[in-house]
Amino acid sequence: MDGTLPNDIAKIVEADRAHVWHHLMQHKTFETGEPRIIVEGRGMRVWDQHGKEHIDGVSGGVWTVNVGYGRERIANAVRDQLIKLNYFAGSAGSIPGALFSEKLISKMPGMSRVYYTNSGSEANEKAFKMVRQIAHKRYGGKKYKILYRDRDYHGSTLGTMSCGGQDERNAQYGPFAPGFVRVPHCLEYRAQWDLSGEDYGIRAADAIEEVILAEGPDTVGALCLEPVTAGGGVITPPPGYWPRVQEICRKYDILLHIDEVVCGIGRTGTWFGYQHYGVEPDFVTMAKGVASGYAAIACCVTNEKVFDMFKEDMTDPLDYFRDISTFGGCTAGPAAALENMAIIEEEELLDNTVAMGDYMIDQLRALQDKHAVIGQVRGKGLFLGAELVADRSTKEPVPEKQAQAVVADCMAQGVVIGVTNRSIPGFNNTLCYSPALIATKSDIDQIVEATDKALTKVFG
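A brief report on the enclosed structure follows.

What counts and how
Residues numbered from 1 in each chain as written. Predicted model: local features only at pLDDT ≥ 70, side-chain atom pairs only at ≥ 80, totals over all residues. Heavy atoms only, no water. Patch = residues over 30% accessible without salt bridge, like charges linked within 9 Å, V, L, I, M, F, W, Y side chains within 5 Å. Areas by Shrake-Rupley, 256 points an atom, 1.4 Å probe, with all protein chains shown as cover. Salt bridge = Lys/Arg side-chain N within 4 Å of Asp/Glu carboxyl O. Helix = DSSP H or I, 4+ residues; strand = E, 2+ residues; numbered from the N terminus. Buried < 20%, exposed > 50% of the residue type's maximum accessible area, 1.4 Å probe, protein only. Core = buried A, V, L, I, M, F, W, Y, C linked by side-chain atoms within 4.5 Å. Contact = heavy atoms within 4.5 Å. Phe/Tyr/Trp six-rings, centres within 6.5 Å; stacked < 30°, edge-to-face > 60°. Lys NZ or Arg CZ within 6 Å of the ring centre and 35° of its normal. Polar contact = N/O pair within 3.5 Å; in protein donor to acceptor, adjacent residues only side chain to side chain. Pairing = 2+ DSSP bridges. Axes fitted to C-alpha atoms, helices over the stretch in contact; angles between N-to-C directions.

This brings us to a nonpolar patch on the surface. Where nonpolar side chains cluster on the molecular surface, the patch consists of Leu158, Tyr173 and Phe176 and spans about 310 Å² of accessible area. Here leucine 158 lies in helix α6 (residues 158-162). Accessibility expressed as a relative area gives 51% for leucine 158, which makes it exposed.

Leu104, Val245 and Met286 are the most contacted members of the largest nonpolar core, which has 68 residues in total. At 7 residues, helix α8 (residues 197-215) tops the list of elements feeding residues into this core. Discounting chain neighbours no more than four positions away, the residues touching methionine 286 are Leu104, Met108, Ala123, Glu260, Val261, Ile265, Phe272, Ala298, Cys299 and Val301. Residues Tyr359, Val377, Val415 and Ile444 belong to the second largest nonpolar core, which totals 33 residues.

In this section: the pattern of salt bridges. For the structure shown, the criterion picks out 38 salt bridges. Note that glutamate 209 is salt-bridged to lysine 251, the shortest N-O span being 3.0 Å. Of the two residues, glutamate 209 sits in helix α8 while lysine 251 sits in helix α9 (residues 241-251), which places them 42 residues apart along the sequence. We classify lysine 251 as exposed; its relative accessible area is 55%. Where salt bridges share partners, they join Asp206, Glu209, Arg244, Glu247 and Lys251 into one cluster.

A separate point is the packing of aromatic side chains. Taken as a whole and assessed by the stated rule, the structure comprises 8 aromatic pairs. Measuring from ring centre to ring centre gives 5.9 Å for tryptophan 63 and phenylalanine 383, while their planes differ by 75°; the resulting arrangement is edge-to-face. Of this pair, tryptophan 63 sits in helix α2 (residues 59-63) while phenylalanine 383 sits in the loop between β11 (374-379) and β12 (384-391), placing them 320 residues apart in sequence. For the residue pair tryptophan 63 and phenylalanine 383, the accessibility class agrees, reading buried in each case. Note on phenylalanine 128 and phenylalanine 180: the rings are 5.4 Å apart at their centroids and 65° apart in plane angle, and the pair reads as edge-to-face. Of this pair, phenylalanine 128 sits in helix α5 (residues 120-139) while phenylalanine 180 sits in strand β6 (residues 180-183), and the two are 52 residues apart along the sequence. A residue is classified by how much of its surface remains accessible, and phenylalanine 128, at 4% relative accessible area, is buried. Lysine 143 extends its terminal NZ or CZ atom over the ring of tyrosine 139, reaching a point 5.8 Å from the ring centre.

Looking at the secondary structure, you find threonine 219 in the loop between α8 and β7 (220-225). By relative accessible area, threonine 219 is classed as buried at 10%. For threonine 219, the side chain forms a polar contact with the main-chain oxygen of glutamate 215, separated by 3.2 Å.

Let's shift gears to the sheet that holds β7. The strand order β4-β10-β9-β8-β7-β5-β6 describes an open sheet built from 7 strands, whose pairing is mixed. Strands at the two margins of the open sheet, each flanked by one partner only, are β4 (113-117) and β6. Pairwise comparison of adjacent strand axes, ignoring direction, gives a mean angle of 20° for this sheet. Bridge analysis of β4 against strand β10 (residues 298-302) gives 5 bridges, and the strand direction is antiparallel.

Here we come to the pairing of β11. Most of β11 sits inside the fold, with 5 of its 6 residues counted as buried. One ladder, built from 5 bridges, connects β11 with β12; its direction is antiparallel. Bridge pairing in β12 places isoleucine 374 opposite leucine 388. Where β11 folds back on β12, the antiparallel hairpin that results is connected by 4 residues, among which glycine 381 adopts a positive phi of roughly 60°.

So, on to the sheet that holds strand β14 (residues 415-416). One open sheet holds the 4 strands; their spatial order is β1-β2-β3-β14, and the pairing between them is mixed. Edge positions in the sheet fall to β1 (38-42) and β14, since each has one partner strand and no second. When β1 meets strand β2 (residues 45-48), the two strands line up antiparallel, connected through 4 bridges. Looking at the pairing, glutamate 40 lines up with tryptophan 47 of β2.

Topologically, alanine 336 is positioned in helix α11 (residues 332-346). As a C-alpha pair, alanine 336 and isoleucine 37 span 299 residues in sequence and 24 Å in three-dimensional space. Excluding its chain neighbours within four sequence positions, the residues that come into contact with alanine 336 are Ile74, Val78, Ala291, Tyr294 and Ala295.

The following block contains the structure:
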């Protein structure tokens, strides 16, 4: 024995400090301070190594734990499946893989095929590879370009960063892959055109067409967009935007790829964010909320039109999608995802997300009336943002350190919220909220009250 008591967390903290490379943070502070260890979670709440309780307003830090912590039925389903069959490569099927794909497609009219992977970045990479292969199969390799939008984020691999509209996230990681072309964002609050409402939405979409025409429509294979931009500032699209985007894609025979890694599986109050806007995608990618973090799973979903392009000629050894995702063969993911989706249905969490999202946006707008530093509140369902500005008339962003100070003060109060993090140079100024879909008015009141106190402390 080394003298450490069985329930002494100090040894864990030291092991973490010595060996774990944490995400999204500078580790110099750990030379004098200690890392935070999250020890337990139940419902909407988590506890750290000091036993301090926090209400989690960002679903695991990055929009993931949609049905909340401590769901034994998901854990039990995973355990039972692992004992029966833990893994077999995706070259063969599995029972949970087949059942979840059927369940998922039932929520996605017009879509038909599920390609399993293990992360959102990887799911997006698969779609990019499909687009490139289609370009070679159908267009002599010419229609290979993939358009992406300013402020959108599609992953952390070099391929997905090549398709990433967040310059600060991309800094120091280039050079990037060729063939990815940026289009303007659609954030009306920071208007690029002197228009509003539907006129603005149509104009923002027309800006995509302008890029297509400049590049040459015969060179553009796909357009990749988030339905609601997440880490780039929680940007909801203006009215008129999505119908015009769909029209443009059809006009130029461009495949529409919608990245639902954040919005998917209920976050916005529908199964998928794009379903608010009546569009018909060719690819839909998803990850985070698919199993609420109880197992690693991501999916690249396509329609039959895309799928059919990969089985046209059995005599051609290059005709199929020559790809594999090792851990796409894990059975824990779809087993967990089936239970996750059943919980959302049985507990009517889509309805709760709409109701609590409406309530939360009203409460945040009441805060906006009280605090001049809140320039705009925006969002959809339980996916909300509050952009902080030094001056409402000029919309000058608050300094990044002040936005981070609000988050830190909320944490000190026992409430976890987020902020745009090393994303857009000069515009890391939007507070981010994404409580679990189980959130109650009491939970939301606690989150908003902590924000109120933090804003008062930081800005007076």
